[in-house]
Amino acid sequence: MGRGEVAVRFVDGLVAAGFDFFTGVPCSLVKDVLAELDARGLYFGETREDAALGVAAGAYMAGRLPVVVMQNSGLGVSLNALGSLHLLYEMPCLLLVTWRGMDGQDAPEHLVIGDVMPRLLDLFDLPHRAPRVEDAARDIGWAAETIRARRKPACLVVRPDLFA
Amino acid sequence: MTVREALEIVAPHLRDQICVHSNGYMSRAAFGVRDTEACFYMIGSMGLASSIGLGIALARPERGVVVFEGDGNVLMNLGTLARVASAAPGNFVQLCFDNRAHASTGAQPTISDQVRLDEMARAAGYRRVGRVETAGDLEREIPAVLAEPGPSFLLVRIELGPDGPPGPRITHTPPEMTARLRRALGAAS
């Protein structure tokens, strides 16, 4: 599949799984996903990742099933919102988090969070998968089922090469 | 005027609006004055009440949303002043009860005596911005704030009340509050 085509199919998969509210803060690793969401008029860009989580919480209570897109640097910003809002109040959403600093291969500012991210997700009891291209559709289905069953967020981690 | 007195002036004017209250004394005071299925109390995640209200307002543009915040909460999430103004939801009202202090944690001063939060909302581009300093002015202003198209920002200057909480702790569990707000919004359980 060509560049951009994976992103389009990924967005198709999210919409087919029932996700209908998209917010977040951009990362270059998902720029094709964001461009596709924007082209469909589905994306509400936010100023900070925790603010995006707040908007997602409101949208969920209004009957939507939200996705929050962010770089993993934003996961740090988001921890209090996840802990004292989504996990506490049982508000599901899908976190689509890019994996900057994976395997220690990135600019220096990404290395610490890139190293601890999987453990951080475990520590916060956030189920997560980091699909390869061929597993993306299956893992979107897994995420949708998981967050509906648990009424809590789950995370799809975006490897640097997923949409490259 | 204390926060509780201000809320008692606002309460009779509320109908079926979704009311989102920020954490700490704001929620406790409001819970003590008026509690309905359409009331949401954000007991943690300081700063995000306006973001939660924005999400509801965007998803349900026909339903009025009123956010109740203190000055500390507004200052913690100033980006949302910009985001609300930019998205311009007509059904969004933000009431900022400004006592110039973090009352819930011991009345440490904020900086809202030096930085006019209502002027920040105006500069951001809220459609309607007001400021009231007395109970009489709040009584006169609140019907129009709730009735006219937003986004609206009303700064209500209040005094720091007597020591101690202005209302009881919230007795609803957080998952119950999520479920009842979803019922109030007609979302499937």
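Please refer to the structure placed before this passage.
A brief look at the structure comes next. Bear in mind that the values here come from a model prediction, so they are computed numbers and not experimental data. (Residues numbered from 1 in each chain as written. Chains lettered and ligands numbered in written order. Predicted model: local features only at pLDDT ≥ 70, side-chain atom pairs only at ≥ 80, totals over all residues.)

1. A word on the overall build of chain A
Argument step 1. For chain A, the count of helices and strands is six helices and six strands.
Argument step 2. Each helix (α) and strand (β) of chain A, taken in turn from the N terminus, gives the series α-β-α-β-α-β-α-β-α-β-α-β.
Argument step 3. Computed over its C-alpha atoms, the radius of gyration of chain A comes to 14 Å, within 12% of the 15 Å expected for a compact globule of 164 residues.
Argument step 4. Taken over the C-alpha atoms alone, chain A extends approximately 35 × 35 × 30 Å along its principal axes.
Argument step 5. Burial status across chain A gives 53% buried among its 164 residues.
Argument step 6. When contacts within chain A are restricted to residue pairs at least 6 apart in sequence, long-range pairs at least 24 apart make up 75% of them. (Helix = DSSP H or I, 4+ residues; strand = E, 2+ residues; numbered from the N terminus. Rg over C-alpha atoms; globule rule 2.2 N^0.38 Å. Buried ≥ 20, exposed ≤ 12 C-beta atoms within 10 Å, placed from the backbone. Contact = placed C-beta atoms within 7 Å.)

2. Section: the sheet that holds strand E5 (residues 128–129) of chain A
Backbone hydrogen bonds are what pair the strands of a sheet, in a parallel or an antiparallel way.
All names here are of chain A.
Argument step 1. Read across the sheet, six strands follow the order E2-E1-E3-E4-E6-E5 without closing on themselves; strand pairing throughout is parallel. The outermost strands of the open sheet, each flanked by one partner alone, are strand E2 (43–45) and E5.
Argument step 2. The pairing of strand E3 (residues 66–71) with strand E4 (residues 94–98) spans five bridges and is parallel. Within the sheet, the bridge partner assigned to glutamine 71 lies in E4 and is threonine 98. (Pairing = 2+ DSSP bridges.)

3. Notes on the interface of chain B and chain A
The extent of an interface is frequently quoted as the accessible surface area lost upon association of the parts.
Argument step 1. Taken together, the contacts link 27 residues of chain B with 25 residues of chain A.
Argument step 2. Looking at the side of chain B that touches chain A, the elements that each hand over two or more residues are helix H3 (49–59), helix H5 (79–87) and helix H8 (174–184) of chain B.
Argument step 3. With eight residues, H3 of chain B is the largest single contributor of residues to the side of chain B that touches chain A.
Argument step 4. Class assignment for the residues of the side of chain B that touches chain A results in 14 nonpolar, 10 polar and three charged. (Nonpolar A, V, L, I, M, F, W, Y, C, P; charged D, E, K, R; others polar.)

4. Section: the nonpolar core
Argument step 1. Ala56, Val68, Leu94 and Leu96 of chain A together with Ala6, Val20 and Val156 of chain B are the most contacted members of the largest nonpolar core, which totals 118 residues.
Argument step 2. The dominant element in this core, judged by the number of residues it contributes, is helix H3 (residues 49–61) of chain A, at nine residues.
Argument step 3. For valine 20 of chain B, the contacting residues outside a window of four places in its chain are Phe40, Met42, Ala49, Ile52, Gly53, Val65, Val67 and Phe68 of chain B. (Core = buried A, V, L, I, M, F, W, Y, C linked by C-beta atoms within 7 Å.)

5. Thoughts on the sheet that holds strand E4 (residues 92–98) of chain B
Residue and element names in this part refer to chain B.
Argument step 1. In space, the six strands of this open sheet follow the order E2-E1-E3-E4-E8-E7, with parallel pairing throughout. Of all the strands in the sheet, the pair left with one neighbour each is strand E2 (39–41) and strand E7 (128–132). If you compare each strand with its neighbour and ignore which way they point, the axes differ by 15° on average.
Argument step 2. Pairing analysis gives three bridges linking strand E1 (residues 18–21) to E2, with the strands arranged parallel. (Axes fitted to C-alpha atoms, helices over the stretch in contact; angles between N-to-C directions.)

6. A few points about unusual backbone geometry
Negative phi characterises most residues that are not glycine, and trans characterises most peptide bonds.
Argument step 1. Here the residue pair glycine 150 of chain B and proline 151 of chain B is connected by a cis peptide bond, since its omega of 5° sits within 30 degrees of zero.
Argument step 2. Residue placement: proline 151 of chain B occurs in the loop between helix H7 (135–147) and strand E8 (152–157).
Argument step 3. A positive phi angle is found at aspartate 125 of chain A, which is not glycine, with a value near 55°.
Argument step 4. Looking at the secondary structure, you find aspartate 125 of chain A in the loop between helix H5 (111–123) and E5.
Argument step 5. Residue aspartate 125 of chain A is classed as exposed on the basis of its C-beta count, with 12 C-beta atoms lying within 10 Å.
Argument step 6. Even without a glycine there, the phi angle at arginine 100 of chain B is positive, about 60°.
Argument step 7. If you trace the backbone, arginine 100 of chain B turns up in the loop between E4 and strand E5 (101–102).
Argument step 8. The class for arginine 100 of chain B is partly exposed, based on 19 C-beta atoms found within 10 Å.

7. Remarks on helix H2 (residues 31–39) of chain A
Residue and element names in this part refer to chain A.
Argument step 1. Within H2, burial applies to Asp32, Val33, Leu34, Glu36 and Leu37.
Argument step 2. On its buried face, H2 is in contact with helix H1 (5–16), strand E1 (21–24), E2 and E3.
Argument step 3. Once H2 ends, the next one or two residues include glycine 41, with phi positive near 70°.

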